[in-house]
Amino acid sequence: MSQNEYYVSCDGNDSWDGSRPVFSGNDEGPFRTIKAAKDSVRKLIEDGLNSDVIINIREGNYYLDETLIFNELDSGTEDYRIIYKNYGDEKPVLCGGRLVSNWQHYKGNIYVADIGKDICPYSLFENGRRGLYARYPKDGYNNAIMSEEAPMESFKYGKQDIPAILDKDNLQVYIWPGGMDGDWNWFTNTINVSSIDEKNRIIKLQEAASYELGTGSRYYIQGALDLLSEPGEFYYDKKEGKLYYYPYTAPIEEQNIVIPIMNEIIRFQGESIDKTVKNIQLNNIEIRYTDRKEQLTKVVTSDSLNNDGTICIENGENIEIKYCRICNTGSHGIYFKGYAQKNLIYGNRFNDIGETGVYIEGIRKPDYFVSRNNQIVNNDISDTGKSVGHGAGIQLYQSGENTIAHNRIRNTPRYSISLKSISILEDELSNSYETKDNTLYSGYNVKNIIEYNDLSHANTDSQDTGVIEMWGGGSRNIIRNNYIHDSNVNFSFGFGIYLDDRADFCLVENNIIEGLQKKGNGKLLYAIYAKGLNDRIINNVMINNNVFRAAIGTFEMVYPNVDIEIERNIIFESGDIYYFQNWDDKRFSKCDYNLFYSTQGRYGILNEIRDVQSGNKELGGVESIKWETYSLEKWIGMFDEKFDSHSIIGNPQLRDINNKDFRLLPNSPAYKLGYEDIDFCNIGLKEDFPEINKSN
């Protein structure tokens, strides 16, 4: 054993020296806690490192009493890393919760335990399965009725919407604030109830919601003992310090029931951007059981820097999280805050996540591009948004030059991957638009690469959304070689790839979009929607998507939507060809060498001239002013045959769609148009992703 190797064991003792995996006498044996190992490593760092330092963590459940914090004094060097890893093939688990075992029968199938008043759990887990904070209705939502007085802080409810509740002290509302028309479903809020006027059926909230709670805003109430009636539901009485629970499985005494006691399990916290925590690696460790904040009213673009993550990294660089499992969280799986550079998230499995799997949040102020050059690669992310409905698989905000690659992302209520930014050049950080010349430098969401990701089952509980989405002041991002498939918008509308307002100078290339909107009551308006300027849509394949309008849509609403390039794409059974909203002659700079095929003869080019301030009646606004529909032949003849003059109608001759073989036969007409084969075999998880996780 080298002097730079330590051991931690559930059977260890912090008075021992940490030098051996088992006790061998003379105080030679493993530490009991990671904190003790960290303190010993810090002494090595002070003396100067001459090799990597390895802390081997043995099998078992480590129930932490407080967040484990690493700062700049715990850092490795450019030459030598500090590595916290599993011992051999053993499986250590870091738990941010407390076991509950002192259950007493309350009534029926409900049990009660006295857990004290030092914590207030909003999450509970039985044998690793998430419990439900007692709620009504049990499934789905009620619809709010807008209150004319204080519409962001109150709303009316229907006669049958709220059951009789004796104790309303801990009552909360979980709601998608819908704006004045009640049809926005962009973000969720969780807000405490201030009072209920039962006579006039008005609920007043302790805090303002993100937007007006217009008629139709979806909500449910939670947090009352009277609502606890089904397996998996729980309620905590703050006054009495008692936890009530209806277990999934009986007898309750034989179940492993955990309540989280912290929002973060591990925090990498550098003092400043000049004194960062760095060169530390976590490897092959399971990390689980965290809670959420009491009230959740922020939105992604609120510049709050006030999120939680089961692993939180602030002022960190060269931090590596590899081959870990992160699950049963109250908020984000991993949260990067502020300065974050050259960090690596690789080969991990995320599931049952409170908000977003990996969330990177930079800082919006001029000349402060501090969140950049991070890699999120080869991770399996599923079942996010359990506490916050707008949770994604991966979310970047004010962060650039990152790589998001080879991830498999499934079962997200909103996006699989989202990039957002707000301009740093606007006067007083308002929402006005700059000139085309300086939009290249308007936000920090720049030069990100999203490639080789396998993305499915997104948008399960939201609308105006995409599987991949970009919004705000950023540019020169690349979306390439992704497989987007088997996602459905369950109500309202959504998209496959969504280049929303000011997603400018983006390259969308070599993506396969297949099998979208095969079920659900919503509408897939476009497979690709481009609202920015100078976006390039090149060599993509759209296959068997149940598109309501057209494969590719564009729209100039408030910000410029010009100089778009569309070339060498295959549109196969995916709606009409193009849909323009407010077309002008600058919309396309290039559009040619595309291949179209539709057994229904859907080869239309559609233009809608609409009132951009009031919106489309079909989607909640006023009537469209004028509709125009052109045949492909007429479209080609317009503008001096500038667009699609070399494009053709024809079967692309895909090898075997039913078995997901999207290669083209050698004689496909697409090759004559310059189509290049897409590297489909290398999309998704890489070969070194743990096999035990690939099949789960």
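Up top is the structure.
Quick look at the structure, then. (Residues numbered from 1 in each chain as written. Predicted model: local features only at pLDDT ≥ 70, side-chain atom pairs only at ≥ 80, totals over all residues. Heavy atoms only, no water.)

### A closer look at the overall build of the protein chain
A tally of helices and strands in the protein chain yields 4 helices and 64 strands. The C-alpha atoms of the protein chain give 27 Å as radius of gyration, which agrees with the globular expectation for 696 residues (26 Å, within 12%). Its C-alpha atoms give the protein chain principal-axis dimensions of about 90 × 70 × 50 Å. For the protein chain, the proportion of its 696 residues judged to be buried stands at 60%. Sequence-distant contacts in the protein chain: of pairs separated by 6 or more residues, those separated by 24 or more amount to 77%. Carbon together with sulfur atoms contributes 44% to the accessible area of the protein chain, which is approximately 27,300 Å² in total. Across the protein chain, the centroid of the 74 positively charged side chains sits 2 Å from that of the 103 negatively charged ones. (Helix = DSSP H or I, 4+ residues; strand = E, 2+ residues; numbered from the N terminus. Rg over C-alpha atoms; globule rule 2.2 N^0.38 Å. Buried < 20%, exposed > 50% of the residue type's maximum accessible area, 1.4 Å probe, protein only. Contact = heavy atoms within 4.5 Å. Areas by Shrake-Rupley, 256 points an atom, 1.4 Å probe, with all protein chains shown as cover. Lys, Arg positive; Asp, Glu negative; His and termini not counted. Charge placed at Lys NZ, Arg CZ, Asp CG, Glu CD.)

### Quick word on the sheet that holds strand E8 (residues 104-107)
Spatially, the 5 strands line up as an open sheet ordered E8-E9-E22-E21-E12, and their pairing is mixed. The strands lining the two open edges of the sheet, one partner per strand, are E8 and strand E12 (132-133). With 4 bridges connecting them, strand E21 (residues 233-237) and strand E22 (residues 242-245) associate as antiparallel partners. Pairing of Asp 237 across the sheet is with Lys 242, part of E22. (Pairing = 2+ DSSP bridges.)

### Side note on the layout of surface pockets
Approximately 740 Å³ is the volume attributed to the second largest pocket. Along the wall of the second largest pocket there are 30 residues; nearest its centre are Leu 132, Arg 135, Tyr 220, Gly 385 and Lys 386. For the lining of the second largest pocket, the secondary structure elements donating two or more residues are E12 and strand E20 (218-222). By residue class, the composition of the lining of the second largest pocket is 9 nonpolar, 12 polar and 9 charged. (1 Å grid on protein atoms, 1.4 Å probe; cavity = no way out; pocket = protein on both sides within 12 Å on 5 of 7 lines; lining within 4 Å. Points joined across faces, edges and corners; volume = space filled by probe spheres on them. Nonpolar A, V, L, I, M, F, W, Y, C, P; charged D, E, K, R; others polar.)

### Describing the environment of Met 470
Its place among the elements puts Met 470 in strand E43 (residues 465-472). Judged by relative accessible area, which is 1%, Met 470 ranks as buried. If sequence neighbours within four positions are ignored, Met 470 has contacts with Leu 419, Ile 450, Asn 477, Ile 479, Tyr 498, Leu 499, Asp 500, Ala 503 and Cys 506.

### Details of the side chain of Glu 573
On the secondary structure map, Glu 573 appears in the loop between strand E56 (570-572) and strand E57 (576-581). With sequence-adjacent residues up to four places away left out, Glu 573 is seen in contact with Asn 544, Asn 545, Tyr 597, Ser 598, Thr 599 and Gln 600.

### Details of the pairing of strand E1 (residues 5-8)
Sheet topology places E1 next to strand E2 (residues 53-57); 4 bridges connect them, and they run parallel. When the bridges of E2 are listed, Glu 5 appears paired with Ile 54. As a crossover connection, the stretch from E1 through helix H1 (residues 34-47) into E2 is right-handed. (Right-handed = clockwise from strand over helix to strand, strands pointing away.)

### Looking at the sheet that holds strand E10 (residues 125-126)
Taken in spatial order, the 4 strands of this open sheet run E7-E23-E10-E11, and their pairing is antiparallel. Edge strands, defined here as strands with exactly one partner in the open sheet, are strand E7 (97-99) and strand E11 (129-130). Pairing between E10 and strand E23 (residues 257-260): 2 bridges, direction antiparallel. Its bridge partner being in E23, Phe 125 is matched across the sheet by Val 258.

### Some points on empty space enclosed by the protein
Throughout the structure, instances matching the rule amount to 6 cavities of 30 Å³ or more. Its volume calculated, the largest cavity comes out at about 50 Å³. Forming the boundary of the largest cavity are Ala 458, Asn 459, Val 467, Ser 487, Asn 488, Val 489, Gly 494, Phe 495, Leu 516, Gln 517 and Leu 524.

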